[in-house]
Amino acid sequence: MDAEGENQEVDAATEVADEVDVLVVGAGPTGLMLAAELALGGVRVQIVERRTAAQRDSRALTLHPRSIELMDQRGLVERFLAHGRAVPEWHFAGLDTRLDFRALDTRHGYTLFLAQARTEQLLAERARALDVPVGRGYEVVGLRQDADGDGGCGDGRGGRAAAGGVEVDVRGPGGGLRAVRARYVVGCDGGRSAVRRAAGIAFPGTDETLTGVLGDFAVVDPAALDRARAHGVLVAPLETADGPAEGRAGGLTRLVLIDPKRMRTPSAEPLTPDEFRRSLLAVCGTDCGVAQPRWLSRFGNATRLAARYRAGRVLLAGDAAHIHFPAAGQGLNTGLQDAMNLGWKLAAEINGWAPPGLLDSYHAERHPVGRAVTENIEVQTLLMELTLLPPYQRPAAALRTLLTELLGIEEVNRRLAGRISALDTAYPPTTADADPLAGRRMPDIALTAADSAAIRAHELLPPGRFVLLDLAGDEQLRQTVTPGWGPRVTALTVTRHDHRADLDGVRELLIRPDGHIAWATRTPALPDRRTERHRALTDWAGTPAQG
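Residues numbered from 1 in each chain as written. Predicted model: local features only at pLDDT ≥ 70, side-chain atom pairs only at ≥ 80, totals over all residues. Heavy atoms only, no water.

Scanning the chain for helices and strands turns up 14 helices and 26 strands. Here the C-alpha atoms of the chain give a radius of gyration of 24 Å, agreeing with the 24 Å that 2.2 N^0.38 yields for 547 residues. Expressed as a percentage of the 547 residues in the chain, the buried residues total 56%. Within the chain, contacts between residues at least 6 apart in sequence are counted, and of these 73% link residues at least 24 apart. When the accessible surface of the chain is summed, it comes to about 22,100 Å², and 52% of that surface belongs to carbon and sulfur atoms. In the chain, 64 side chains carry a positive charge and 71 a negative one; their mean positions are 2 Å apart. (Helix = DSSP H or I, 4+ residues; strand = E, 2+ residues; numbered from the N terminus. Rg over C-alpha atoms; globule rule 2.2 N^0.38 Å. Buried < 20%, exposed > 50% of the residue type's maximum accessible area, 1.4 Å probe, protein only. Contact = heavy atoms within 4.5 Å. Areas by Shrake-Rupley, 256 points an atom, 1.4 Å probe, with all protein chains shown as cover. Lys, Arg positive; Asp, Glu negative; His and termini not counted. Charge placed at Lys NZ, Arg CZ, Asp CG, Glu CD.)

Note: strands within a sheet are paired through backbone hydrogen bonds, in either parallel or antiparallel orientation. Read from one edge of the open sheet, three strands run E12-E18-E21, paired in antiparallel fashion. The two strands at the open ends of the sheet, each matched to only one other strand, are strand E12 (205-206) and strand E21 (322-323). Here E12 runs beside strand E18 (residues 303-305); their pairing, made up of two bridges, is antiparallel. Its bridge partner being in E18, Gly205 is matched across the sheet by Arg304. Strands E12, E18 and E21 of the sheet are contacted by helix H10 (residues 361-386), whose axis makes an angle of about 170° with E18. (Pairing = 2+ DSSP bridges. Axes fitted to C-alpha atoms, helices over the stretch in contact; angles between N-to-C directions.)

What follows concerns the state of the cysteines. Tallied over the entire structure, the rule returns zero disulfides. Note on Cys288: no disulfide assigned, nearest cysteine sulfur contributed by Cys284 at a separation of 4.6 Å. Note on Cys288: relative accessible area 1%, which makes it buried. (Disulfide = S-S within 2.5 Å.)

Formed by 72 residues in total, the largest nonpolar core has its most connected members in Val22, Leu23, Val24, Leu38, Phe80, Val186 and Leu346. Considering every element that reaches this core, the biggest residue donor is helix H9 (residues 331-351), with eight residues. Once you skip the residues sitting within four places of it in the chain, Val24 turns out to touch Gly31, Leu34, Ala35, Leu38, Val45, Gln46, Ile47, Val48, Val186 and Cys188. Ranked by size, the runner-up nonpolar core spans 31 residues in total, among them Leu95, Ile258, Phe325 and Ala396. (Core = buried A, V, L, I, M, F, W, Y, C linked by side-chain atoms within 4.5 Å.)

With five of its five residues buried, strand E26 (residues 517-521) lies for the most part within the structure. Bridge count between strand E25 (residues 508-511) and E26: four bridges; the pairing is antiparallel. When the bridges of E26 are listed, Ile511 appears paired with Ile517.

This part takes up the layout of surface pockets. Considered as a void within the structure, the second largest pocket measures approximately 530 Å³ in volume. Along the walls of the second largest pocket sit 29 residues, with Thr430, Thr431, Ala518, Asp539 and Trp540 positioned nearest its centre. If you list the elements that add at least two residues to the lining of the second largest pocket, you get H10, E26 and helix H14 (526-541). Of the residues that constitute the lining of the second largest pocket, the class distribution is 14 nonpolar, seven polar and eight charged. (1 Å grid on protein atoms, 1.4 Å probe; cavity = no way out; pocket = protein on both sides within 12 Å on 5 of 7 lines; lining within 4 Å. Points joined across faces, edges and corners; volume = space filled by probe spheres on them. Nonpolar A, V, L, I, M, F, W, Y, C, P; charged D, E, K, R; others polar.)

At a closest axis distance of 9 Å, the pairing of helix H3 (residues 65-73) and H9 adopts a crossing angle of 40°. Here H3 is positioned oblique relative to H9, judged by the angle of their axes. When you trace H3 past H9, the crossing you get is left-handed. Across from Arg66, Ser67, Leu70, Met71 and Gln73 in H3, the residues of H9 making contact are Asn333, Leu336, Gln337 and Met340. Class assignment for the residues of the contact of H3 with H9 results in four nonpolar, four polar and one charged. (Parallel < 35°, antiparallel > 145°, perpendicular 65-115°, else oblique. Left-handed = near helix turned anticlockwise from the far one by under 90°.)

Glancing now at the packing of aromatic side chains. The tally for this structure, following the rule as stated, stands at five aromatic pairs. Residues Tyr309 and Tyr362 carry aromatic rings whose centres are separated by 5.7 Å and whose planes lie at 45° to one another, so their mutual orientation is tilted. Here the residue Tyr309 occupies a position in the loop between E18 and strand E19 (310-311), and Tyr362 occupies one in helix H10, the gap between them amounting to 53 residues. Under the relative-accessibility criterion, Tyr309 is labelled buried at 0%. Feature note: the residues Trp344, Trp353 and Phe466 constitute an aromatic cluster, connected by ring pairs. The ring of Phe113 has Arg85 lying over it, and the distance from NZ or CZ to the ring centre is 5.0 Å. The ring of Tyr184 has Arg313 lying over it, and the distance from NZ or CZ to the ring centre is 4.8 Å. (Phe/Tyr/Trp six-rings, centres within 6.5 Å; stacked < 30°, edge-to-face > 60°. Lys NZ or Arg CZ within 6 Å of the ring centre and 35° of its normal.)

Mapped onto the secondary structure, Leu210 falls in the loop between E12 and strand E13 (211-219). Excluding its chain neighbours within four sequence positions, the residues that come into contact with Leu210 are Ile258, Met263, Arg264, Phe299, Gly300, Asn301, Phe325, Thr381 and Glu385.

The next thing to look at is the side chain of Asp470. Residue position: Asp470 is located in strand E23 (residues 466-470). Buried within the structure, Asp470 lacks any salt-bridge partner; Arg529 is the closest side chain of opposite charge, at an N-O distance of 4.7 Å. Separated by 3.0 Å, the side chain of Asp470 and the backbone nitrogen of Ala472 make a polar contact. Not counting residues within four places of it along the chain, the set of residues in contact with Asp470 comprises Leu477, Leu492, Thr493, Val494, Arg507 and Glu508. (Salt bridge = Lys/Arg side-chain N within 4 Å of Asp/Glu carboxyl O. Polar contact = N/O pair within 3.5 Å; in protein donor to acceptor, adjacent residues only side chain to side chain.)

Next up on the list: helix H13 (residues 477-485). All buried positions along H13 are accounted for by Leu477, Val481, Gly484 and Trp485. Buried positions in H13, seen along its axis, are confined to an arc of 105° and lie on one side of it. Facing away from the buried side of H13 by more than 90 degrees, the exposed set consists of Gln479 and Pro483. Packed against the buried residues of H13 are E23, strand E24 (489-497) and H14. (Arc of directions from axis to C-beta.)

Taken together, five strands build an open sheet; the order of strands is E22-E24-E23-E25-E26 and the sheet is mixed. Edge positions in the sheet fall to strand E22 (447-449) and E26, since each has one partner strand and no second. Strand after strand, the sheet turns through a mean of 30° between neighbouring axes, direction not considered. Each of E23 and E24 touches H13; the most contacted strand, E24, lies at about 155° to it. Sheet strands in contact with H14 are E23, E24, E25 and E26, and its direction is about 170° off that of E26.

So yeah, pure geometry; function would need other evidence.
Structure, rendered in structure tokens:
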């Protein structure tokens, strides 16, 4: 069965429940990832999607290193690797010197070239395995929040948080309206998000001024593709039922370009095969023999960032929260990372043990990331656009030459690669005396832990719980952790682990469900360390259960 058939089987139409804990609007990668995380946390979640069938065409084609790590942390990475192609080098604004992902501190030092349709299919399988229903053909047309706002953080004893919620009006496949009651609603419904508009969340930014075009073709002339690449055309083989193909009968090849004579054409204007051929001829002197287009699309550089990622019981993730030009393949990846950050926090809120402010930390942590990504993309887009404008071509070429040389400096290359890959994402510490490791992603060190079969740190994370690693050998670790936080925290004594300079002197680590470090201590005195541990667990995993 091909990917398209698999998608249809996985995402068969499902009746929408009248009442759920969380309604996720949008069955793209972000929505599917978030719903799976919520289900992992024991939350009753429902997805509704305006489209009646799974996505056939793929705007995004890549999973960057941090997103691959997230799949590894949930035990899913082999499924993705089986369908993708590893690319160890990436680009910044199309500069000649490539970003070397192999030099980064990760087991996954590459981008995985994987069509968005396949990513969605694999995530839909994950959601289905966790019994997440996907209702297709349902469009959100309005919502109303209860006057209580967010309902507080519950009693901290593992029960459900205080009542309250959102009533969402959806139009079903037959055209009829119905109301769905949810404790929380998350808009993962793209740049034109109906949820964002209904919640009154502002979406400031800049309008479209530049457009490019892409086409997926069943027929190309392989001999012409190198010439197209030399003139700045992105050429990419797309996965088919038989595997990746380029110019082969039955395969698809994607070409992406910016035509200086057509780059002000509004993205809403339909793109024809004839225009695409003429643009190819204008840019590289050949139409590359393109024929039998499967999909043609025009895309623009409108850049916007939601003013808030949360408004009471309504939250935003993915393109509903941030849009930008598709440079460097960061959009889908940022959405997946939004979902991983939000999922466990919203589950904690629903289940009544979230410490004060935990859900608000979603905006506090991810909004700066969204801003950094959109600004980064604006820089890349400007570098590409200037070379197409006659008054700026000479200085733009000189600037690109200079930046290409700078990328040849190892530290510069590594710094920029860390940003594009999202491996350098570190969330701000919550206390003034926090260890330097706090907020950083947990390195996937090799380890041996008592009562655990895991041999890597990321193998401890598939259950979606906190993981407390004792590196100093507290014989009473279980007795001090399990009674109060047992259902939320896995406590392990590590007897051996990889040596790393940044772990020197670290006695204990608390890893968040999303793989970032919540707390670390280097305190040598055991009584003091236990006091610190209790405070850290309370701050992050909530008030311990009694009795």
